[in-house]
Amino acid sequence: MEFLPPPPRFTDPALRLQGLTVEHGDHCLLHQISCEFPQQTITAIVGPSGCGKTLLLRCLNRLSDLQPELRVSGQIWLRDRNLRDRQVNVESLRCQLALIRGPATPIAGSLYDNIVLPARLQGYRGNLEALVREVLTIVELPENLDLQQAARHCSPETQLRLCLARAIAMEPDILLLDEPCLPLDSAATLAFEELLLRLCDRHTILLITNNLAQAGRCATYTALLHPVLIDEQKLPVTKLIEFAPTSQIFRQPQHPITDDFVCGRR
Ligand SMILES: Nc1ncnc2c1ncn2[C@@H]1O[C@H](COP(=O)(O)OP(=O)(O)OP(=O)(O)O)[C@@H](O)[C@H]1O
């Protein structure tokens, strides 16, 4: 398999995590996650089912605030702003770090309603028709698409691209994609991955995938989360085991857990 080469120069990261920890009661779910997500690249987030990949993305755009039973600590830096500061406006934060979860589910209403909804909610003052045309082109949906049809009657691929268009209309810095290709067949999955590679010109993408081949095809970097036993905890806690160029994760993993994981032994 050919891997995407990492960029020649490591510029300022798009997002930096420092000691991000999530606890529930006396159980630590995510333990001291620290890493830097490089700008305008795709980073795949992989790990066994239930290890906390979704939880991590929910912390990044503060959806975890909606689960008061969780205690989140540590810092999440977007440039010079700690996203965990109380003053951060979470509504606009969730536009800046837009989360799309597979299977992508549009809201009830037409394709048009779906695309303009967040823009309307955020008080967008520009030309909505022009915005819709622009984002449809970006997500490579046909120009002659009937925008008045019900979004929920469209194919899974169109629904996914529609949800992406809705997110992109708000000009996010970061796209948080949680297994976006879940309902898609192979051809639609490959086409969507190619679209993601083109979108890297404008956005930084964090892509949760349970499909290692997908990480190999489209992620420049890969982060492996995995539960481990640490001394002071009775139950395993999830840690960031390795964060490296995808080629290294697959060919020269630095950690035995990574080696086992990519070989399918874990
Ligand atoms: N609000 C909560 N209260 C208690 N435990 C929680 C809460 N939210 C998540 N968890 C636990 O955190 C763990 C991580 O779940 P999460 O869905 O993030 O895993 P995942 O790696 O995305 O799994 P999958 O690949 O199957 O989607 C699970 O064990 C889940 O039960």
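Going along each chain's sequence as written, the residues are numbered from 1 onward. Per-residue local features of the predicted model are confined to residues with pLDDT of at least 70, and side-chain atom pairs are confined, for both listing and counting, to 80 or more; whole-chain, interface and lining totals are unaffected and use all residues. In computing side-chain properties, one takes all heavy atoms of the structure into account and sets aside hydrogens as well as water.

1. Some thoughts on the layout of surface pockets
Both site types are read off a 1 Å grid over the protein atoms alone. A 1.4 Å probe that fits but cannot get out defines a cavity, while an open set with protein on both sides within 12 Å along at least five of seven lines defines a pocket; lining residues have an atom within 4 Å of a point. Grid points are joined across faces, edges and corners, and a volume is the space filled by probe spheres set on the points. The calculated volume of the largest pocket comes to roughly 570 Å³. Secondary structure elements are taken from DSSP: a helix is a run of H or I of four residues or more, a strand is a run of E of two residues or more, and numbering for both begins at the N terminus. Every element with two or more residues in the lining of the largest pocket is listed here: helix H2 (90-96), strand E6 (97-101), helix H3 (111-121) and helix H5 (156-168). By residue number, the principal contributor to the lining of the largest pocket is E6, which donates four residues. Across the lining of the largest pocket, the residue classes tally to 13 nonpolar, three polar and four charged. Computed from the structure, the second largest pocket encloses a volume of approximately 200 Å³. Taken together, Tyr 124, Leu 131, Glu 134, Val 135, Ile 138, Ile 168, Ala 169, Met 170, Glu 171, Arg 202 and His 203 make up the lining of the second largest pocket. Of all the elements, helix H4 (residues 128-138) adds the most residues to the lining of the second largest pocket, at four residues. Ten residues, namely Ala, Val, Leu, Ile, Met, Phe, Trp, Tyr, Cys and Pro, are considered nonpolar, four, namely Asp, Glu, Lys and Arg, are considered charged, and the remaining ones, Gly among them, are considered polar.

2. Re the pattern of salt bridges
One side-chain nitrogen of Lys or Arg within 4 Å of one carboxyl oxygen of Asp or Glu is enough to make a salt bridge. Applying the stated criterion across every chain yields a total of nine salt bridges. Taking the shortest distance from any N to any O, the salt bridge between Asp 173 and Arg 79 comes out at 3.2 Å. Within this pair, whereas Asp 173 is found in the loop between H5 and strand E7 (174-178), its partner Arg 79 is found in the loop between strand E4 (70-78) and strand E5 (81-82), the two being separated by 94 residues in sequence. Partly exposed describes any residue whose relative accessible area lies between the buried limit of under 20% and the exposed limit of over 50%, with all areas from a 1.4 Å probe on protein chains only and scaled to the type maximum. You can call Asp 173 partly exposed: its relative accessible area is 25%.

3. Some details on the site of the ligand
It suffices for a single heavy atom of a residue to lie within 4 Å of a molecule or strand for the residue to be listed as near it. The ligand sits among 15 residues. The nearest are Ser 49, Gly 50, Lys 53, Thr 54 and Glu 69. Here an oxygen atom of the ligand and a side-chain polar atom of Lys 53 are 2.8 Å apart. Under this definition, polar contacts are N or O atom pairs within 3.5 Å; protein pairs additionally need one hydrogen-donor-capable and one acceptor-capable atom, and for neighbouring residues in sequence, both atoms have to be side-chain atoms. Taking Glu 69, its side chain carries an N or O atom lying 2.6 Å from a nitrogen atom of the ligand. Notes on the ligand: free accessible area 640 Å², of which the protein chains cover 67%. Take the shell around the ligand: its biggest share by element is three residues, from helix H1 (residues 53-60). Residues of the shell around the ligand, tallied by class, amount to five nonpolar, seven polar and three charged. The method behind every accessible area is Shrake-Rupley, applied with a 1.4 Å probe, and residues are considered shielded solely by the protein chains displayed.

4. A few points about the environment of Ser 155
Tracing the backbone shows Ser 155 in the loop between H4 and H5. For the pair formed by Ser 155 and Arg 58, sequence separation is 97 residues and the distance between their alpha carbons is 26 Å.

5. Remarks on the packing of aromatic side chains
Only Phe, Tyr and Trp rings are paired, with Trp represented by its six-membered ring, and only when their centres lie within 6.5 Å; those with planes under 30 degrees apart are stacked, over 60 edge-to-face, the remainder tilted. Tallying each qualifying case throughout the model produces three aromatic pairs. When the centroid spacing of 5.6 Å and the interplanar angle of 65 degrees are considered together, the rings of Phe 37 and Phe 243 count as edge-to-face. Of this pair, Phe 37 sits in strand E2 (residues 27-38) while Phe 243 is found in strand E10 (residues 237-245), placing the two residues 206 residues apart along the sequence. Measuring from centroid to centroid gives 6.0 Å for Tyr 221 and Phe 243, while their planes differ by 40 degrees, and the two rings are tilted. Here the residue Tyr 221 occupies a position in strand E9 (residues 221-228), and Phe 243 occupies one in strand E10, the gap between them amounting to 22 residues. Put simply, the rings of Phe 37, Tyr 221 and Phe 243 pair up and form one aromatic cluster.

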